[in-house]
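One-letter residues, chain by chain:
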Amino acid sequence: MLIAIDGPAGAGKSTVARAVAAALGFTYLDSGAMYRCVALAELRGHPDPLGAAIGLGERITLEGEDVSTAIRAPEVSERASEVAARPEVREALVAMQRELIASGDYVAEGRDIGTVVAPGAELKVFLTASPQERAHRRAVQIGADAGQVLREQTVRDARDATREHSPLAAAPDAVEVDTTGRTREEVVAHIVALAGER
Ligand code: CDP
């Protein structure tokens, strides 16, 4: 079974997807981490960023180095949304994601899991929250100024939503879940219940 959780930055995808996967005994796939690794490889001047070895698991590795923290830096977020607009990058990473999710039960989170990577997913969730709440959560997470995060988030949201290839959009059959003012536990229980109905 595949549960796709898509949505904009800071909607709570990672936290929620991780917890849903743990509750159901599924494997968690953070597709954004893959785009972030390509971005970091590029920022570091890797000769072939798409060919760099990415390790997905509890810790994210790039060429064997633990980059779990490094890939969350604001400049990597910015570059990730740029590299993610390139068709050759999407093609390569989508192929890897499809291969992974074919190997078992997954909760996969990203921007295009329910629309492009796996349109046949048994459950599709589009996770949202108000822009202010999303920026606030991210600011707390990385210890940055909420106003600054909101400005950067607005640029990234606009780029993700208007790019030509796989723009961020809810699949027609996705269940929209607004996390504004709801606890992580409430949201997770809601999604686990939805999964139980499938
Ligand atoms: O954690 P956050 O939602 O801020 O970002 P992320 O999920 O780690 O994704 C970082 C960037 O990768 C996003 O701004 C998107 O441009 C891109 N991305 C994408 O295009 N498709 C995906 N399936 C996942 C991420």
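Details of the structure are given in the entry above.
A brief report on the enclosed structure follows. (Residues numbered from 1 in each chain as written. Predicted model: local features only at pLDDT ≥ 70, side-chain atom pairs only at ≥ 80, totals over all residues. Heavy atoms only, no water.)

## Some words on unusual backbone geometry
Put simply, the rule reads: Numbering goes from the N terminus for both helices and strands, where a helix is a DSSP run of H or I of at least four residues and a strand is a run of E of at least two. The cut-offs for exposure are 20% and 50% of the maximum accessible area for each residue type, with area from a 1.4 Å probe on protein chains only; residues under the lower value are buried, those over the upper are exposed, and the others partly exposed.
Here glutamate 63, not a glycine, exhibits a phi torsion of approximately 50°, which is positive. Tracing the sequence through the fold places glutamate 63 in the loop between strand 4 (61–62) and strand 5 (65–66). Phi at serine 166 takes a positive value of approximately 50°, unusual for a residue other than glycine. Relative to the helices and strands, serine 166 is located in the loop between helix 7 (146–162) and strand 8 (175–178). By relative accessible area, serine 166 is classed as buried at 19%.

## Details of the site of the ligand
Our working definition: We call a residue near a molecule or strand as soon as one heavy atom of that residue lies within 4 Å of the molecule or strand. Here a polar contact is taken to be a pair of N or O atoms separated by no more than 3.5 Å, where protein atoms must pair a possible hydrogen donor with a possible acceptor and residues adjacent in sequence count only if both atoms sit in side chains. Accessibility throughout is a Shrake-Rupley quantity obtained with a 1.4 Å probe, and a residue counts as covered only by protein chains that appear here. Residues are sorted three ways: Asp, Glu, Lys and Arg are charged, Ala, Val, Leu, Ile, Met, Phe, Trp, Tyr, Cys and Pro are nonpolar, and all the rest, Gly among them, are polar.
Taken together, 19 residues form the shell around the ligand, and within it Arg36, Arg90, Asp112, Arg156 and Asp160 come nearest. In this structure, an oxygen atom belonging to the ligand sits 2.8 Å away from a side-chain N or O atom of arginine 90. Note that an oxygen atom of the ligand is positioned 3.1 Å from one of the side-chain N or O atoms of arginine 111. For the ligand, whose unbound accessible area comes to 530 Å², protein coverage reaches 98%. Listing elements by their share of the shell around the ligand, those giving two or more residues are helix 2 (31–43), helix 3 (74–83) and helix 7. With 4 residues, helix 2 is the single largest residue contributor to the shell around the ligand. A per-class count over the shell around the ligand returns 4 nonpolar, 5 polar and 10 charged.

## Details of the sheet that holds strand 5
Worth spelling out the cut-off: DSSP-based pairing: two strands are paired if at least 2 bridges between them are found.
One open sheet accounts for 3 strands, arranged 3-4-5; its pairing is antiparallel. Here the strands that pair on one side only, and so sit at the sheet edges, are strand 3 (54–55) and strand 5. Here 2 bridges tie strand 4 to strand 5, and the two strands are oriented antiparallel to one another. The residue bridging leucine 62 from the neighbouring strand is glutamate 65, located in strand 5.

## Re the side chain of arginine 111
Structurally, arginine 111 is set in the loop between strand 6 (106–110) and helix 5 (113–117). Given a relative accessible area of 17%, arginine 111 falls into the buried group. Side chain to side chain, arginine 111 and aspartate 160 meet in a polar contact 3.3 Å long.

## A look at the sheet that holds strand 1 (residues 2–6)
Short version of the rule: Note on definitions: angles span 0 to 180 degrees between N-to-C directions of axes, and those axes are lines fitted to C-alpha atoms, for helices only across the stretch in contact.
Taken together, the 5 strands give an open sheet; going across it, the order is 2-6-1-7-8, and neighbouring strands pair in parallel fashion. Bordering the open sheet on either side are strand 2 (27–30) and strand 8, each of which pairs with just one other strand. For this sheet, the mean inter-axis angle between neighbouring strands, taken without regard to orientation, is 20°. Summarising the sheet, strand 2 and strand 6 pair through 4 bridges and their orientation is parallel.

## Focus: the packing of helix 2 against helix 4 (residues 87–101)
In plain terms, the rule: For classification purposes, angles smaller than 35 degrees are called roughly parallel, those larger than 145 roughly antiparallel, those between 65 and 115 roughly perpendicular, and all remaining angles oblique. Take the far helix as the reference: if the near one is turned anticlockwise from it by less than a right angle, the crossing is left-handed, and if turned clockwise, right-handed. When checking whether two residues touch, look at their non-hydrogen atoms; a contact exists if any pair is within 4.5 Å.
Between helix 2 and helix 4, whose axes approach to 11 Å, the crossing angle comes to 140°. One finds that helix 2 runs oblique with respect to helix 4. The crossing of helix 2 and helix 4 is right-handed. In contact with Ser31, Met34, Tyr35 and Val38 of helix 2, helix 4 contributes Val89, Arg90, Leu93, Val94, Met96 and Gln97. Classifying every residue of the contact of helix 2 with helix 4 gives 7 nonpolar, 2 polar and 1 charged.

Geometric values such as these leave the question of function open.
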